Structures are given as C-alpha cells and as structure tokens.
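What follows is each chain in one-letter form.
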Amino acid sequence: MMKLPALALSAAMIVAACSTGPASNAADNARLDASGEQPAAPLADAPFTVETLAAFDEPWAMTFLPGGRQALVTERAGKLKLWQEDGPTLDVAGVPPVAYGGQGGFGDVILAPDFATTGTIYLSWVEAGDGDSFGAVVGTAKLVQGDAPRLDGLRTIWKQDPKVPGRGHFSHRLAFSPDGKHLFITSGERQKFDPAQDMKANLGKVVRLNPDGSVPADNPFAAQGGVTAQIWSLGHRNLLGLTFDGAGRLWNQEMGPKGGDEVNLVERGANYGYPIVSNGDHYDGKPIPDHPTRPEFAAPKLWWNPSVSPGGLAWYGGDLYPGWQNSLLMGALSGQSLIRMRVDGERLHKADRWDFGTRIREVEVREDGSVWLLSDGKDGKLLKLVPKG
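Rules used in this analysis
- Residues numbered from 1 in each chain as written.
- Predicted model: local features only at pLDDT ≥ 70, side-chain atom pairs only at ≥ 80, totals over all residues.
- Heavy atoms only, no water.
- pLDDT = per-residue confidence, 0-100.
- Contact = heavy atoms within 4.5 Å.
- Buried < 20%, exposed > 50% of the residue type's maximum accessible area, 1.4 Å probe, protein only.
- Helix = DSSP H or I, 4+ residues; strand = E, 2+ residues; numbered from the N terminus.
- Pairing = 2+ DSSP bridges.
- Core = buried A, V, L, I, M, F, W, Y, C linked by side-chain atoms within 4.5 Å.
- Axes fitted to C-alpha atoms, helices over the stretch in contact; angles between N-to-C directions.

**Q** Residue-level account of the confidence of the model for the protein chain, with values.
**A** Fine structural detail should not be taken from predicted coordinates in areas where pLDDT scores are low. Here the protein chain averages 94 in pLDDT, and 94% of its residues register 70 or above. Scored below 50 in pLDDT, residues 1-23 makes 48 contacts in the model with residues more than four places away or belonging to other chains.

This is how it looks when you write it as structure tokens:
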C-alpha cells in the first residue's frame, strides 16, 4: 500500500534529498519522489527573505497587471481589491454577488491574453441555486482603472453543472493556454465523489473552453454535446492550482483525501481515477485502492502523505533565485509551507520545502521574476520573496 511512506527513509536521507546541490544522492532523490514524504526546512535556510507588503481579509487569488506595480486580489467574502505598490489599495466596484460560506465565495482572477488592449479579465465565484444548492461560475468583464476602479459589462460564460448542496470543493481555478486561444477551468467534485467519473456532469473535471465560453470543436468529447463536450480531463477531486510550464504543458495540483495530495500533468481526455483510486484514504478510514492497482488511470507525478493541503500553483522560469529555473511552486495550507518541484520534461522532482509557519493560499510570479505569496485567513498577508545576496 502507498498510503504510508513507500520507503522507510532516515531523517538524514530525507534532508539530503531535499537539496539539489552536488552532494545530493540520485537514488535518495528518487526514493523521495516515489514516497509521500517531503520534510520542511526552516525558513532561515531559504535563499530568500520575506517582505510583508499588505494585508487582506481571506485573500484567495491574485494576478499582476502589466508592469507589475499593481495587482488584483480577490477576497473570499466578495471583494476585489486593486493593490498598488506606490499607492493605496482600492476596492473595485461592479463585482458580482457571491455565495460566501464553507469553501465558497470569490475565487480566481486572471487577465485575458489581450488585456493590454481590451482591459478584459476573468473571474470565478460561487453562486446559490435552487433548494440550497451551490455551484461555481466563471465570468468576464472589462477592468476600468483609475481612482475609482470598476468592472464593466460583467457576464457569466460558464457554470458548474449540476449545482448540488454543500459548500466544499468548488476549485474554480483559471488558466489560459500559452497561445491565448483556450480557457481552462478546474471544477471540483463538490465532495460528492461519483461526479468525478460522471460524463454527464462537469464536476471533478478540467474544462476547456474558447475565451467566449463556447466549446472548442477539437475537445476530446465534443461530439457528445452538452456539458460532456466541455470536458478536457476527468477523475479529479479538489483542484486548487492550475498552470502551464514553459514548454506548454498543463499542470494541476489537487487536494486528495486523507494522505493523497497530488500534482498531475493534465493531458487531453485523461482520467485521473478519483474516487476509484487515490494514494490517500477516505476521512472515515475507509481505504481507497492505490493508483498502481488500476494502471488505466493516469497516476500523479508527485504526491504527499501526510497531506500538505495544496494552495496556489505557479511555474517559475526566471533567474532571480539560483537553481529555480523551470520549477513549479506550490503553496501549502495545512502544511504551512512553500514547495518547489523541479520540472524534468514530463516528470517532476521534489526539490525544496520551506516552513512559513502560516497557511500559503496563493503563489504568483511577477514580470521581473520575483515570487509573491498570499497567506490565508482573516489577516492574510501579501508576501514578497526577496533573494538573498
């Protein structure tokens, strides 16, 4: 069983495997990658210091505007903030009403590929339905900047289908393909398990759309019509991070069940197996078969046990932090850390994990190559990682 660490690693071996320096042992690194282990190093040992620049109320997502001196930040209770490096943080008017509660509320915010000329942004949030049901939605609007920023022309282009009771596992992360032609949306299985395998629902899926919300003709299940046509991949649980790497590969991270957090390479038409297989177990203790028992399902590239509760996910291609080029950076909520993974083609390797002592909700990279984080909660902070030396 893979639920417990796959191999008994000594503390010294684990620490050594967290280093990418010449003293690292390739066999030890491989053992670490194949297990659920990844210990956290003290923040004092990181190649950066942490600068706190602003505070927010339950921040969930952020995106920098061109030039990097402004950023949009969502607060889960329903506010959109415009942070300014050289000025006050402003409320953005014209945001949609959100169904706040549990894990629900305001979600992601990203810029359209043509933002520089159109001012278009994309947002996700949770709305209420009939009979105490809820679902995530995605909309698009124009950001009008100035002393009183606002959204104009907000319209909804996508909804979770069906809406179901409960306030968990909405996911609703957004990412545009590098060519700007397609919008990808993560849609959680809403803590209902079976919808992740139900092709008549878009829950537990990664969805691929055209920028206007229509379905691309070359989606893997487009011929089946309806919500099925939206599906790019299936068998997911709660996908809280989505990013493309420098080679155009799409990665997601998702909260698995107890002891089964994972990072996946998201591929066209692939089934990632949840809830049929997982490297974790149900929270009531009921076991779930491991990925190797069902090789027809796509297995995670990396996984964590004990759970780290993944937050945001970003690809890093800069050179401000030595050795970080071509990495994935992932926040950890219950794990209270920042995790770095080295991208090696279609493989991932556990590289570093630093203990922040607070829940990390979001990870973003600015144009200048600097890494920024949002810590979670009522007194969430905007943090900048300043390279040492």
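**Q** Tell me about the pairing of strand 7 (residues 106-111), and name the residues and values.
**A** Burial runs high along strand 7: five of the six residues are buried. Judged from the four bridges that link them, strand 7 and strand 8 (residues 120-128) form a sheet pairing that is antiparallel. Across the sheet, the residue bridging to Phe106 is Trp125, located in strand 8.

**Q** Help me get a handle on unusual backbone geometry, residues and values and all.
**A** Note that the residue after Asp161, namely Pro162, is joined by a cis bond; omega there is 10 degrees. Tracing the chain through its elements places Pro162 in the loop between strand 10 (150-159) and strand 11 (164-165). A cis geometry characterises the amide bond from Tyr274 onward to Pro275, with omega recorded as 0 degrees. The residue Pro275 is located in the loop between strand 18 (261-266) and strand 19 (302-304) in this model. If you check the backbone angles, Ser171 has positive phi at about 70 degrees while not being a glycine. With respect to the helices and strands, the residue Ser171 is situated in strand 12 (residues 171-176). For Ser171, a relative accessible area of 2% gives the class buried. Unlike most non-glycine residues, Arg190 shows phi in positive territory, near 65 degrees. Structurally, Arg190 can be placed in the loop between strand 13 (183-187) and strand 14 (205-209).

**Q** Could you give an account of the nonpolar core, with specific residues and numbers?
**A** Nonpolar side chains tend to gather and get buried jointly when the protein is soluble and globular. In terms of nonpolar packing, the biggest core is built from 21 residues, with Leu72, Leu80, Val92, Ile121, Leu123, Leu143 and Leu151 touching the most fellow members. Looking at this core, the elements that each hand over two or more residues are strand 3 (59-64), strand 5 (79-84), strand 7, strand 8 and strand 9 (133-144). Apart from the residues within four sequence positions on either side, Leu80 is in contact with Leu72, Val73, Thr74, Leu90, Asp91, Val92, Val95, Phe106, Ile121, Leu123 and Leu151. Ranked by size, the runner-up nonpolar core spans 16 residues in total, among them Trp324, Ile360, Val363 and Leu373.

**Q** Please give an account of the sheet that holds strand 16 (residues 238-244) that cites residues and values.
**A** In space, the four strands of this open sheet follow the order 16-17-18-19, with antiparallel pairing throughout. Two strands in the sheet have a free side with no partner beyond their single neighbour: strand 16 and strand 19. Across the sheet, the mean angle separating the axes of adjacent strands is 20 degrees when strand polarity is ignored. Pairing of strand 17 (residues 250-255) with strand 18, which is carried by five bridges, proceeds in the antiparallel orientation. Across the sheet, the residue bridging to Trp251 is Leu265, located in strand 18.

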